[in-house]
Amino acid sequence: GCGLQGEFPQEIFQLPNLQFLGVMKNPNLTGYLPQFQKSSLLEDLRLSYTRFSGKIPDSIENLESLSYLGISDCSFIGKIPSSLFNLTKLEHLYLSGNRFLDELPTSIGNLASLKALEISSFNFSSTLQASLGNLTQLDSLTISNSNFSRLMSSSLSWLTNLNQLTSLNFPYCNLNNEIPFGISNLTQLTALDLSYNQLTGPIPYSLMKLKKVSSLLLGFNQLSGRIPVEISNLTQLQSLQLSSNQLEGSVPSSIFELRNL
């Protein structure tokens, strides 16, 4: 965020002792990823909100020490190479807002150490969904502007394996049917965003089991029925969005007590 512009010199990637490289939030900075060498010590690469473009090279698998890769909202294209998912130390992966082809390799399930994942604009087959269920260390998952191949209740069945999740965000994903009961098993959730979908049915009482949730965003769906009075039992709630649904009644007044909604 310091106004860098022009083309980023690829030679900087080749500095032999480089461990951290962050040039994010420079929208006039262009550049390309180089062919990475096996000798690279790079652990943390942050390019989000720049105009880096081109393809991710297969040689990214040579960054064996990489734990953080942030390339959201750049101009990358093509397929995401399956070699990326050989990086067993990767803990944070942010890929959304690019122009990748809508195929995400199922080998993403190999990233056993992954804690945070942000992706967008993909089609999610049942096989891919099952592979995401292997990411049992995830505590933050954001999938936006994507399509799921089946109805909501079956598409998200793999979520029950992700019991470490504290943040689950699925806006603009064309989700339909009712909110699945299984989400209530994610008892560590502090943030849940299912807004801007086509979800139907009532707000399930099972969501009231999410005692730690502080942000609950269900707006811009087709939810119906009454707003459950038990929502006032979510004592950590600070952000609640229910607008643009077909809900009846009002938010219980007790929900506004002892909190900063």
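What counts, and where the lines are drawn
Residues numbered from 1 in each chain as written. Predicted model: local features only at pLDDT ≥ 70, side-chain atom pairs only at ≥ 80, totals over all residues. Heavy atoms only, no water. Helix = DSSP H or I, 4+ residues; strand = E, 2+ residues; numbered from the N terminus. Rg over C-alpha atoms; globule rule 2.2 N^0.38 Å. Contact = heavy atoms within 4.5 Å. Areas by Shrake-Rupley, 256 points an atom, 1.4 Å probe, with all protein chains shown as cover. Lys, Arg positive; Asp, Glu negative; His and termini not counted. Charge placed at Lys NZ, Arg CZ, Asp CG, Glu CD. Buried < 20%, exposed > 50% of the residue type's maximum accessible area, 1.4 Å probe, protein only. Pairing = 2+ DSSP bridges. Axes fitted to C-alpha atoms, helices over the stretch in contact; angles between N-to-C directions.

As annotated in an unreviewed UniProt entry, the protein chain is Disease resistance R13L4/SHOC-2-like LRR domain-containing protein from Citrus sinensis.

**Quick word on the overall build of the protein chain**
Helix and strand content of the protein chain: two helices and 21 strands. For 261 residues, the compact-globule formula gives about 18 Å, and the C-alpha radius of gyration of the protein chain, at 20 Å, lands near that figure. Intrachain contacts of the protein chain at a sequence separation of at least 6 include 49% that bridge at least 24 residues. Accessible area of the protein chain: about 12100 Å², with a carbon and sulfur share of 46%. In the protein chain, 15 side chains carry a positive charge and 18 a negative one; their mean positions are 3 Å apart.

**Brief notes about unusual backbone geometry**
Positive phi, close to 60 degrees, is recorded for Y49, a residue that is not glycine. Tracing the chain through its elements places Y49 in the loop between β4 (44–46) and β5 (51–54).

**Focus on the environment of N134**
Structurally, N134 can be placed in the loop between α1 (126–132) and β12 (140–144). In this structure N134 comes out as partly exposed when scored by relative accessible area, which is 47%. Taking C-alpha positions, N134 is 8.1 Å from L162, a pair spaced 28 residues apart along the chain.

**So, the sheet that holds strand β15 (residues 176–178)**
The sheet built from four strands is open, its strands ordered β15-β17-β19-β21 with parallel pairing. Each edge of the sheet is formed by a strand with only one pairing partner; in this case those strands are β15 and β21 (246–248). On average, each strand axis in the sheet is inclined to that of its neighbour by 20 degrees, with strand direction left out of account.

**With respect to the sheet that holds strand β14 (residues 167–169)**
Across the sheet, ten strands lie side by side as β2-β4-β6-β8-β10-β12-β14-β16-β18-β20; this open sheet has parallel pairing. The two strands at the open ends of the sheet, each matched to only one other strand, are β2 (20–22) and β20 (239–241). For this sheet the average axis-to-axis angle between neighbouring strands, irrespective of direction, equals 10 degrees. Direction of pairing for strand β16 (residues 191–193) relative to strand β18 (residues 215–217): parallel, over a ladder of three bridges. When the bridges of β18 are listed, D193 appears paired with L217.

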